[in-house]
Amino acid sequence: MVAGIPVNYDEALVGNYTLPDLLARDAKTWNEKRRAEIVRLFEENEYGRSPGRPAGMTFEVFDKGTIALGGKGIRRQVRVHFSADKSMDLLLYVPAGATKPVPFLLNLSFSANSNTVDDPGVREGEVWGPDKKKIPASQGRKFGKIDVVRLLEAGFGFGTIYYGDIDPDFAGGLEYGVRADYPKPGPDEWGTIAAWAWGLSRAMDYLETDKSVDAKRVAILGVSRLGKTVMWAGAHDTRFALVIASCSGEGGAALSRRNYGETIAHLTAPSRYPYQFCANYGKFAEHVDRLPVDAHMLVALMAPRPVLLQTGDKDFWSDPKGEFLAAVAAGPVYKLLGKQGLDTDQMPAAGSGIFHTIGYYMHDGGHGTIPADWDQYLKFLEMHLKPLP
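Computed from a predicted structure; not experimentally measured. (Residues numbered from 1 in each chain as written. Predicted model: local features only at pLDDT ≥ 70, side-chain atom pairs only at ≥ 80, totals over all residues. Heavy atoms only, no water.)

### A few points about the layout of surface pockets
When its volume is computed, the largest pocket comes out at roughly 910 Å³. Lining the largest pocket are 37 residues, with Ser109, Phe110, Ser111, Phe143 and Gly144 sitting closest to its centre. Elements that contribute at least two residues to the lining of the largest pocket include exactly strand S4 (102–109), helix H2 (113–116), strand S5 (126–128), helix H3 (148–153), helix H4 (163–166), strand S8 (213–223), helix H6 (225–236) and helix H10 (373–384). Of the residues contributing to the lining of the largest pocket, the split by class is 18 nonpolar, 13 polar and six charged. (1 Å grid on protein atoms, 1.4 Å probe; cavity = no way out; pocket = protein on both sides within 12 Å on 5 of 7 lines; lining within 4 Å. Points joined across faces, edges and corners; volume = space filled by probe spheres on them. Helix = DSSP H or I, 4+ residues; strand = E, 2+ residues; numbered from the N terminus. Nonpolar A, V, L, I, M, F, W, Y, C, P; charged D, E, K, R; others polar.)

Next comes the structure, spelled out in structure tokens:
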């Protein structure tokens with residue numbers, strides 16, 4: 001039981017279901033009509049409607065280019081001002097020897113930039129602490145640091161932003177983040193996942209102005225609820241060239257109609273995460289068959305761009321098989337657009353992935369990203385966003 005709601009981990013009890021039809025008979029219909037219809041359905045029924053770029057947004061580049069990471073990278077730090085009192089810090093690196101704009105991986109992090117990268121030159125940020133107040137990042141929860149040098153040596157740039165700079169991750173947080181600047185209460189009002197995705201798009205707005213970055217080759221990465229976020233960001237904003245979603249599960253890449261692991265009922269229970277979605281999503285907690293979308297449609301919205309679904313074979317809560325089946329069901333749209341889906345209905349064993357335009361990989365273990373997953377991320381990035389020679 002989670003939040004008083006039973007959890008099923010028995011495949012025999014998954015039940016029968018029918019997925020909503022993608023209704024794409026040819027590429028023209030998909031590109032000109034069906035894709036936009038599906039985006040609207042997700043906005044209305046799951047994530048909520050997001051505003052566009054703020055009219056007065058500005059970029060304050062307070063670190064204009066400093067040699068860092070033992071001479072391997074050039075560091076820039078940018079404060080993206082959404083409004084007079086709302087901003088986020090973007091930290092980015094490009095390879096020190098790069099002579100052309102580089103492909104780029106943008107990471108959405110659970111912690112401040114100063115906690116995400118091992119670089120004493122990064123401005124210490126703030127994170128949300130107890131009592132809905134910001135505290136210095138050094139006093140906050142620590143997560144694993146990312147090996148930026150490895151990406152730089154492979155010819156990729158790297159950037160990271162703290163999701164809490166955009167919107168806080170707690171119930172009752174609406175008044176503290178960017179959503180407070182757009183008061184429009186309603187059943188399709190955007191939740192925090194849509195807000196975090198919006199923040200990624202605002203980072204992309206900056207990257208399009210940075211001549212060291214190839215803005216046509218920007219990938220995004222997120223884990224768990226931030227895996228859900230990058231899936232929606234990539235679906236909603238086609239400027240992102242590639243998505244790596246780690247353990248995104250329910251509300252991300254896992255099929256909602258499978259009664260396995262976390263369900264919409266668990267996500268939207270009052271004591272858990274209803275604030276991450278629009279209010280309409282909760283209507284389907286007990287009637288998932290009435291939800292007009294499902295995760296295969298979210299994966300399909302990435303087409304023809306590459307998407308890697310990474311999970312763990314023991315992360316039953318996130319339903320690895322549900323993510324695999326969503327990727328399989330999205331395959332026809334990729335095929336329509338001349339790209340390769342998974343092209344199999346046989347789920348690969350842990351440690352053995354499929355790396356087509358749709359990729360799927362499970363590590364041996366549970367929820368989250370482990371160091372060895374970065375081998376697969378880099379492989380997928382090199383396959384699809386190969387650095388220029």
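### Considerations on the side chain of Thr311
Locating Thr311 in the fold gives a position in strand S10 (residues 307–312). If we ignore the near neighbours within four places in the chain, the residues touching Thr311 are Cys247, Pro320, Glu323, Tyr360, Tyr361, Met362 and His363. (Contact = heavy atoms within 4.5 Å.)

### Points about the nonpolar core
Ranked by size, the top nonpolar core spans 86 residues in total, and within it Leu106 and Leu207 carry the most contacts. Among the elements that make up this core, the one with the highest residue count is helix H5 (residues 192–207) (11 residues). If you look at the next biggest cluster of nonpolar residues, it comprises 28 residues, including Leu151, Phe156, Leu221 and Trp374. (Core = buried A, V, L, I, M, F, W, Y, C linked by side-chain atoms within 4.5 Å. Buried < 20%, exposed > 50% of the residue type's maximum accessible area, 1.4 Å probe, protein only.)

### Quick look at H10
If you check H10, its first and last C-alpha atoms are 17 Å apart, about what 12 residues at 1.5 Å a residue would give, namely 16 Å. Buried within H10 we find Asp373, Trp374, Gln376, Tyr377, Leu378, Phe380 and Leu381. (Expected span 1.5 Å × (residues − 1).)

### Concerning the pairing of S4
Among the eight residues of S4, eight are classified as buried, and the element is accordingly described as predominantly covered. Note: S4 against S8, five bridges, orientation parallel. Of the residues in S8, the one forming a bridge with Asn107 is Leu221. Where S4 meets strand S7 (residues 157–162), six bridges bridge the pair, whose relative direction is parallel. In the strand pairing of S7, Asn107 is matched with Thr160. (Pairing = 2+ DSSP bridges.)

None of the figures reported here should be taken as evidence of function without further support.
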